[in-house]
Amino acid sequence: MSNDAATDYAARFNHVQAGIETATAQAGRPAGSVRLLAVSKGQPLAAIEAVAALGQRAFGENYVQEGIAKQQALAQLDLEWHFIGRLQSNKAALVAAHFDVCQSVDRLRLVEALARARHSDQPPLRICIQLNVDREAGKGGAQPDELPSLAAAVAAYPTLRLAGLMAIPRPDPEQAQRAFTRLADLYTDLRRDHPRIDTLSIGMSEDYPQAIAAGSTLVRIGTALFGPRPAAGPVTAGRQH
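Read on for an overview of the structure. (Residues numbered from 1 in each chain as written. Predicted model: local features only at pLDDT ≥ 70, side-chain atom pairs only at ≥ 80, totals over all residues. Heavy atoms only, no water.)

## Describing the pattern of salt bridges
Here the structure, examined in full by the defined rule, presents ten salt bridges. Across the salt bridge formed by E136 and R170, the nearest N and O atoms sit 3.8 Å from each other. Placement of the pair is E136 in the loop between β5 (125-131) and α6 (147-155) and R170 in the loop between β6 (160-167) and α7 (173-193), with a sequence separation of 34 residues. With relative accessibility at 22%, the residue E136 sits in the partly exposed group. Here R170 falls in the partly exposed class, since its relative accessible area comes to 30%. E174 is the partner of R178 in a salt bridge, and the nearest nitrogen-oxygen pair spans 3.3 Å. Placement of both R178 and E174 in helix α7 is noted, with a separation of four residues, approximately one turn of the helix. Among the residues examined, E174 registers a relative accessible area of 56% and is labelled exposed. Connected through shared salt-bridge partners, E61, E66 and K70 make up one network. (Salt bridge = Lys/Arg side-chain N within 4 Å of Asp/Glu carboxyl O. Helix = DSSP H or I, 4+ residues; strand = E, 2+ residues; numbered from the N terminus. Buried < 20%, exposed > 50% of the residue type's maximum accessible area, 1.4 Å probe, protein only.)

If you want it as structure tokens, here you go:
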């Protein structure tokens, strides 16, 4: 990687971190209460290495095979890997075996498949229940009224640990703000029954300050951190520099 490219990643990373810190302070929340998840979908290994060298530990992937290939290639970095894409039941075993967190659980069948596939020698797989808070047709996510039963199902398995909630609201700022507020309320309600949860995964590159103001504890940032994804598409194997 050229010095110019490394400098560009550092500038983007520092800008995002400063934005998170500013939004956290403006919301009157404690410093460090919001984590950054670097969404590395479609990014080359060299980009992940560059951002990891700046201190970033948690990375999010949308495609199972791409994520596993990156984990294997970058195993020496000891990173934390989140699966954040829409998950098919036939890929659940791979996610359970290879990822630290699955943020896109939206139905009981996935809960059961992940619990069966997670090995008891591994730490429990952290689970975020994905909600379709806007009730958009064709979008992944459980309905809010399904949340209590799904949360109880996750909590019942020793190979899983309920971490919290995730959602992808509509990109419209006004609608997103209403969704963030609703999700924060649902998260607060969920904590009454499951006080160990610690993750409200809302907010992306274009709206993370709004999400932090509403109570997000984890923002998922891709474009603002890495820039546009390369036209070549996802990286699935091999080391690229």
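## Considerations on the packing of aromatic side chains
Considering all chains together, one arrives at three aromatic pairs under this definition. Centroid distance F59 to W81: 5.9 Å. Interplanar angle 35°. Geometry classified as tilted. Of the two residues, F59 is situated in strand β2 (residues 58-61) and W81 in strand β3 (residues 80-83); the sequence distance between them amounts to 22 residues. Each member of the pair, F59 together with W81, is buried. Centre to centre, the rings of F83 and F99 are 5.6 Å apart; their planes meet at 75°, and the pair counts as edge-to-face. Note that F83 is positioned in strand β3 and F99 in the loop between α4 (92-98) and β4 (101-105), a separation of 16 residues in sequence. The exposure classification of F83 matches that of F99, with both residues buried. (Phe/Tyr/Trp six-rings, centres within 6.5 Å; stacked < 30°, edge-to-face > 60°.)

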